[in-house]
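Listed here are the chains, written in short residue letters.
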Amino acid sequence: MQDTPKLTKYWDEKSGRMSLILKNGERPLRGIVVEDQYPAAISGILCFAKSGGVAPVATASGGKILWKVANLAPGELKELVYTSLIRDALEGYAPKKPTPADAALLSSTASLPPKLTGDVETPAKAEERPALKPPEEPAKKAAPARHAVVVAVGAGKGGTGKTTFSINLGVALAELGNDTILMDADASMSNLSTYLGMDPNGMKATLHEVLAGEAEPEKATYRIFNDHLRVVPSGLSIEGFLKMDRSLLRDVIEYFSQEADYIVIDTPAGYNRELALSLAASDHLILVLNPDEGSMTDGLKVQEMARILDVNVMGIVLNRYDMKNPYFSRSQVEAHFGTPVIAMLPDEPEVRRKDKVPSVLAAPSGLMAAEIYHVAQKISGQKPPACSPSFVSRLMLALFNTASL
Ligand SMILES: Nc1ncnc2c1ncn2[C@@H]1O[C@H](COP(=O)(O)OP(=O)(O)OP(=O)(O)O)[C@@H](O)[C@H]1O
Ligand SMILES: [Mg+2]
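This section reports on the structure supplied with the text. Residue positions are given per chain, counted from 1 along the sequence in the order it is written. Naming scheme: in the order in which they are written, chains are lettered from A and ligands are numbered from 1. Local features in a predicted model are, by the rule used here, given only for residues with pLDDT of at least 70; side-chain atom pairs are given and counted only at 80 or more, and totals for whole chains, interfaces and linings are based on all residues. Computation of side-chain values covers all heavy atoms of the structure but excludes hydrogens and water.

### Topic: the overall build of the chain
Working step 1: Helix and strand labels come from DSSP, where a helix needs a run of H or I of at least four residues and a strand needs a run of E of at least two; each type is numbered from the N terminus. Along the backbone of the chain there are 13 helices and 18 strands.
Working step 2: To sort residues, take the accessible area from a 1.4 Å probe on protein chains only and compare it with the maximum for the residue type: under 20% means buried, over 50% means exposed, and anything in between is partly exposed. Burial status across the chain gives 50% buried among its 405 residues.
Working step 3: Working rule for contacts: check all heavy atoms of both residues, and any pair within 4.5 Å makes them a contact. Taking contacts inside the chain between residues at least 6 apart in sequence as the whole, the part at least 24 apart equals 75%.
Working step 4: To be clear on the numbers: accessible area is Shrake-Rupley with a 1.4 Å probe, and residue cover counts the displayed protein chains and nothing else. For the chain, the computed accessible surface area is about 19,100 Å², with 54% contributed by carbon and sulfur atoms.

Spelled out as structure tokens, the structure:
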């Protein structure tokens, strides 16, 4: 194996793509930046990466593309690709072959060498350093890179309460002192930011721009409610939706996972690619279901998808559960799915408040908050705050539920 990382570039005439192959040498590297130039005259640029592990995040503007590669293991290979972005009248923005004019422009830059910068340490550089004195005190170990626990919230059926639950779970994890990212992966029918009362005009960037390669992921994060919670909203415009490259969703989730303890992903309804991409990057799935037939059938499909993708199905949240007159009992649901019910949320009109404050903050001593903190405890192992009378609430719930069996 060679000592230093190697970066090669080639133009693939057949696919109309420029490829940069980054192959690491023998030592692990962190914080690498790959820079390349593209002809600014082309109609648009689309960058993506074909690689395993933590994928790089690309940004492109004004003829310059930057890929940030957080970690590169010894011998690891990343393929960084770009091509021109074509607007197709029927399909919106589509990563197809470039036009002949764009292909000619792109191929003319194939001989321009890309640059590798950042924390790239060659053995020669390391040898030039003065010899290190033996440490007087035991050296402190460098903090290991974080890797967030990623929890997807899904259902299959629309309107079961995924967004409402995701918000409350994200807030509860943050209230317990965990750095939490709440991500709206429902890129087509996004409403998480609306539920939180965020002003779309005040948002510099959203997940749409990140997935279009137009914004750094950090630019699309917004602190809300407490210092530990950051929201990554999806955009509300159709144009933004059309230009994004969904296949980067997993890379973006992996990128954020290096700077948070937990990521809660609000996934879209349906059985689709966004759901699969969100699940593929998740450690756990929580199903938010209503106790009705439609919800049960669709929920089973999502559970099946999670199992195929090797995602742990942590449990079911039964939302809008009629405690006195349940259509399905808790034990029936558990038997149907072979999965535990980890929370039962009552039908609570106060859940949508004019002031947009989530239930865990607006009514911290209520049943809804107690149940959501119970899920947060299951994820983090941390006890709920003292103001949440979870014991009494859960006892009441157990009594109701036993009565309904
Ligand atoms: N426990 C509850 N009690 C009363 N209303 C609720 C409850 N949970 C959610 N709702 C309401 O139900 C509606 C749908 O909720 P929400 O948007 O969270 O569902 P969703 O599964 O994210 O929907 P979609 O599939 O469209 O993304 C909203 O109006 C919300 O305020
Ligand atoms: Mg939703």
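### Observations concerning the site of ligand 1
Working step 1: Here a residue is considered near a molecule or strand provided that any single heavy atom belonging to it is located within 4 Å of it. As a structural note, the neighbourhood of ligand 1 is formed by 18 residues, with Lys162, Thr163, Thr164, Tyr195 and Arg352 the closest of them.
Working step 2: N or O atoms within 3.5 Å of each other form a polar contact, as long as, within protein, one can give a hydrogen and the other can take it, and as long as residues adjacent in sequence are counted only when both atoms are side-chain atoms. The contact in question runs from a nitrogen atom of ligand 1 to an N or O atom on the side chain of Asn319, over 2.9 Å.
Working step 3: In isolation ligand 1 offers 630 Å² of accessible surface; the protein chains occlude 84% of this area.
Working step 4: At a threshold of 2 Å from the grid points, most atoms of ligand 1 map onto the largest pocket.
Working step 5: In terms of residue class, the shell around ligand 1 is built from five nonpolar, seven polar and six charged. Two kinds of site are reported from a 1 Å grid over the protein atoms alone, namely cavities, where a 1.4 Å probe fits but cannot get out, and pockets, open sets with protein on both sides within 12 Å along at least five of seven lines, and residues are called lining when an atom falls within 4 Å of a point. Each molecule is checked against the cavity or pocket grid, and it sits inside if more than half of its atoms lie within 2 Å of the grid points. Residues are sorted three ways: Asp, Glu, Lys and Arg are charged, Ala, Val, Leu, Ile, Met, Phe, Trp, Tyr, Cys and Pro are nonpolar, and all the rest, Gly among them, are polar.

### Here's the deal with the nonpolar core
Working step 1: Of all hydrophobic cores here, the largest spans 36 residues; its most connected members are Phe165, Leu169, Ile286, Val317, Val375 and Ile379.
Working step 2: Once you skip the residues sitting within four places of it in the chain, Ile379 turns out to touch Val151, Leu169, Leu173, Tyr262, Ile286 and Met314.
Working step 3: One finds Val57, Val252, Ile253 and Ile263 within the second-largest nonpolar core, a separate group that totals 30 residues. For our purposes a nonpolar core is just a set of buried Ala, Val, Leu, Ile, Met, Phe, Trp, Tyr and Cys residues, chained together by side-chain atoms within 4.5 Å.

### Regarding the pairing of strand E2 (residues 17-23)
Working step 1: For E2, the tally of buried residues reaches five of seven residues, placing the bulk of the element in the interior.
Working step 2: The pairing criterion is simple: DSSP has to find at least two bridges between the two strands. Pairing analysis gives seven bridges linking strand E1 (residues 6-12) to E2, with the strands arranged antiparallel. Residue pairing in the sheet places Lys9 in a bridge with Leu20 of E2.
Working step 3: Between E1 and E2, which pair antiparallel in sequence order, lie four residues; one of them, Gly16, sits at a positive phi of approximately 70°.
Working step 4: As defined by bridge partners, E2 adjoins strand E7 (residues 77-84) across six bridges and the pair is classed as antiparallel. Residue pairing in the sheet places Leu22 in a bridge with Lys78 of E7.

### Topic: empty space enclosed by the protein
Working step 1: Grid points are joined across faces, edges and corners, and a volume is the space filled by probe spheres set on the points. Here the structure, examined in full by the defined rule, presents three cavities of 30 Å³ or more.
Working step 2: Reported here for the largest cavity is a volume of approximately 150 Å³.
Working step 3: Taken together, Thr164, Ile167, Asn168, Tyr195, Leu196, Val351, Arg352, Arg353, Lys356, Val357, Pro358 and Ser359 make up the lining of the largest cavity.
Working step 4: Ranked by residues supplied to the lining of the largest cavity, first place goes to helix H3 (residues 162-175) with three residues.
Working step 5: Contributing to the lining of the second largest cavity are Cys47, Phe48, Ala49, Pro56, Val57, Ala58, Trp67, Val210, Gly213, Leu248, Asp251 and Val252.
Working step 6: Going through the elements one at a time, strand E4 (45-50), strand E5 (57-61) and helix H7 (249-256) are the ones with two or more residues in the lining of the second largest cavity.
Working step 7: Broken down by element, the residue count for the lining of the second largest cavity peaks at three residues, all from E4.
Working step 8: Grouping the constituent residues of the lining of the second largest cavity by class yields ten nonpolar, one polar and one charged.
Working step 9: For every domain, the bounds stem from an assignment made automatically or drawn from a database. Each of domain 1 (6-118) and domain 2 (149-404) accounts for three or more of the residues forming the lining of the second largest cavity.

### What to know about the sheet that holds strand E18 (residues 341-346)
Working step 1: Strand order in this open sheet of eight strands is E13-E14-E12-E15-E11-E16-E17-E18, and the pairing throughout is mixed. The open sheet has two free edges, formed respectively by strand E13 (222-224) and E18, since each of these has just one partner strand. With strand direction ignored, the average angle separating the axes of adjacent strands in the sheet is 25°.
Working step 2: Alignment of strand E11 (residues 149-154) against strand E15 (residues 262-266), held across five bridges, turns out to be parallel. Paired with Val149 across the bridge in E15 is Tyr262.
Working step 3: To get an axis, a line is fitted to the C-alpha atoms, and for a helix only the part in contact is used. The angle between two axes follows their N-to-C directions and goes from 0 to 180 degrees. Helix H9 (residues 293-308) rests against strand E16 (284-289) and strand E17 (312-321) of the sheet, and its axis sits at about 175° to E16.

### Observations regarding the layout of surface pockets
Working step 1: Each pocket or cavity is described by its volume, and for the largest pocket that value is around 360 Å³.
Working step 2: If you trace the largest pocket, you find 20 residues lining it, with Gly159, Thr160, Gly161, Thr164 and Tyr195 closest to the centre.
Working step 3: Only H3 and E17 provide two or more residues apiece to the lining of the largest pocket.
Working step 4: Split into classes, the residues belonging to the lining of the largest pocket amount to seven nonpolar, seven polar and six charged.

### A look at the packing of H3 against helix H12 (residues 367-380)
Working step 1: The N-to-C vectors of H3 and H12 enclose an angle of 60°; their axes lie 9 Å apart at closest approach. When the interaxial angle is binned, H3 and H12 end up oblique. Like other packed secondary-structure pairs, H3 and H12 cross with a definite hand, here right-handed. Residues Phe165, Asn168, Leu169, Ala172, Leu173 and Glu175 of H3 pack against Ile372, Tyr373, Val375, Ala376, Ile379 and Ser380 of H12.
Working step 2: Looking at the contact of H3 with H12 residue by residue, the classes come out as nine nonpolar, two polar and one charged. Angles below 35 degrees are treated as roughly parallel, those above 145 as roughly antiparallel, those between 65 and 115 as roughly perpendicular, and all remaining angles as oblique. Rotating anticlockwise by less than a right angle from the far helix to the near helix defines a left-handed crossing, while the corresponding clockwise rotation defines a right-handed one.

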